[in-house]
Amino acid sequence: MMSEDIVKESGRSGAFIVSAKKRKLQKLSKTAGESILLLIASFVAIVVLFIFYFVAVDAVPYFQLRGFSEFFTSSNWYPADEPGEFGALAIIYGSGMVTLGSTLLSVPMGIAAAICLSDILPFSVRQYAKPVIEMLAAIPSVAFGFFALVIFAPLLQTHGGPILMWAWWVLAAPFLLLAVIVISDLLTAKIEDQNRRQQISLVLLAVFAIGALAFLYWVGSVLQKMEIITGTNALNVSIILSFMSLPTIVSVSEDALQAVGRDMREGSYALGATRAETIVKTVLPAASSGILAAVILGVMRALGETMVVWMASGNSSHIPEPWFNYLEAIRTLTATIAGDMGEADQVTGSARYHVLFAMGLLLLVISFFSNLVSERIVVRQRKILSGQ
């Protein structure tokens, strides 16, 4: 009778009464579901920690056997000698050299292309241009390596000067043209008289255009006279790596710029800002965290690439002379690990075996701290934009 009264009472009031047993089962199922979701979400982090652990286990014995001094301060890499020499300074420098070179090429081009896709080109052009750029990411790295070794390296060796000159003109001319337009627009933005603003803007455009052309011609003439002894060098690898990093930088940066939204752009235009001012002072700061993430991803792609640097870098473990000479052969950490692991595996437990894991650990540490720094910068930028 009591249970029937409870059911009737609950039916009149519309309340839903759950027994203590069922409530306990619901709580257990909720806890189990949350634990499973937490495990799935933490799976990637757990995998990364295990990778760190297993690489470190085989890397630490090298430092116990040989110490840190030889690895970080010596350029003598003779692993097959008895006793072997494992100075990795030149190899570390080679990795940093090609990563910096590819970054200097890909980041300006990638961000400029992303700005053009999001704020300058019409949508009808953008919907075809962006998929074409992203198709570069689908090309296997070994195909890039074959192109760099079989086609680009001989061209650099026989016609290096003219190739560098034309590449400079093709890549730098659009960027300098965009810079001239943006700078002249920014310098005349505070002039209220429309006619006077247009006149001064035309004069600045002419002056800056002449200066840009003179700069283009001077650099091009210097590049044309250069002679390249070998086509498998740091410049070859840097150029190819820049094109491999470009799709990631363009795609992620363009998504970040699109995420800013039309309201901020329209608000900037309503306050009297020009398109250049809107892009430079409103859109880019608002999308800076996403653009920084794109740059970090592009840099990590260049740093971790193996096949291209293995095939087209020349694999010479020495620091170029002078130190900024990109026309000499170099050797990188990833190429050394890929090239020497097959031979080192025959003597598992030796210094030659463990030094390769030390190089892998160094790459992991560099990637980890790069991501930490980028995350701190992103958080700081968000606080600045939110007024905190």
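For the structure, check the block above.
Below or above, wherever it landed, is the structure these notes cover. Not measured: the values here are computed from a predicted model.

**Re helix α11 (residues 275-286)**
- Under the 1.5 Å per step criterion, the end-to-end length of α11 is 15 Å for 12 residues, consistent within 8% with the ideal 16 Å.
- The complete set of buried residues in α11 reads Ala276, Glu277, Thr278, Ile279, Thr282 and Val283.
- Buried positions along α11 lie against α5 (89-120), α7 (141-187), α9 (234-259) and α10 (262-270).

**Brief notes about the environment of Ile249**
- Structurally, Ile249 can be placed in helix α9.
- Overall, Ile249 belongs to the buried group, its relative accessible area being 0%.
- In sequence terms Ile249 and Lys22 are 227 residues apart; their C-alpha atoms lie 52 Å from each other.

**Quick notes on the environment of Leu117**
- Relative to the assigned elements, Leu117 resides in helix α5.
- For the pair formed by Leu117 and Leu333, sequence separation is 216 residues and the distance between their alpha carbons is 35 Å.
- Here Leu117 is in contact with Arg126, Ala129, Lys130, Ile133, Val250, Glu254 and Gln258, once residues within four sequence places are set aside.

**Digging into the packing of aromatic side chains**
- With the rule as written, the count across this model stands at 17 aromatic pairs.
- Relative to Phe72, the ring of Phe68 lies with its centre 6.5 Å away and its plane at 15°, an arrangement referred to as stacked.
- Classification of Phe68 by relative accessible area gives exposed; the value is 54%.
- We classify Phe72 as partly exposed; its relative accessible area is 35%.

**Quick look at the pattern of salt bridges**
- This model, assessed by the stated rule, comprises 9 salt bridges.
- As a salt-bridge pair, Glu254 and Arg126 come within 2.6 Å of each other at their nearest N and O atoms. Within this pair, whereas Glu254 is found in helix α9, its partner Arg126 is found in helix α6 (residues 123-134), the two being separated by 128 residues in sequence. Arg126 carries the same exposure label as Glu254, and that label is buried.

Cut-offs applied
- Residues numbered from 1 in each chain as written.
- Predicted model: local features only at pLDDT ≥ 70, side-chain atom pairs only at ≥ 80, totals over all residues.
- Heavy atoms only, no water.
- Helix = DSSP H or I, 4+ residues; strand = E, 2+ residues; numbered from the N terminus.
- Expected span 1.5 Å × (residues − 1).
- Buried < 20%, exposed > 50% of the residue type's maximum accessible area, 1.4 Å probe, protein only.
- Contact = heavy atoms within 4.5 Å.
- Phe/Tyr/Trp six-rings, centres within 6.5 Å; stacked < 30°, edge-to-face > 60°.
- Salt bridge = Lys/Arg side-chain N within 4 Å of Asp/Glu carboxyl O.

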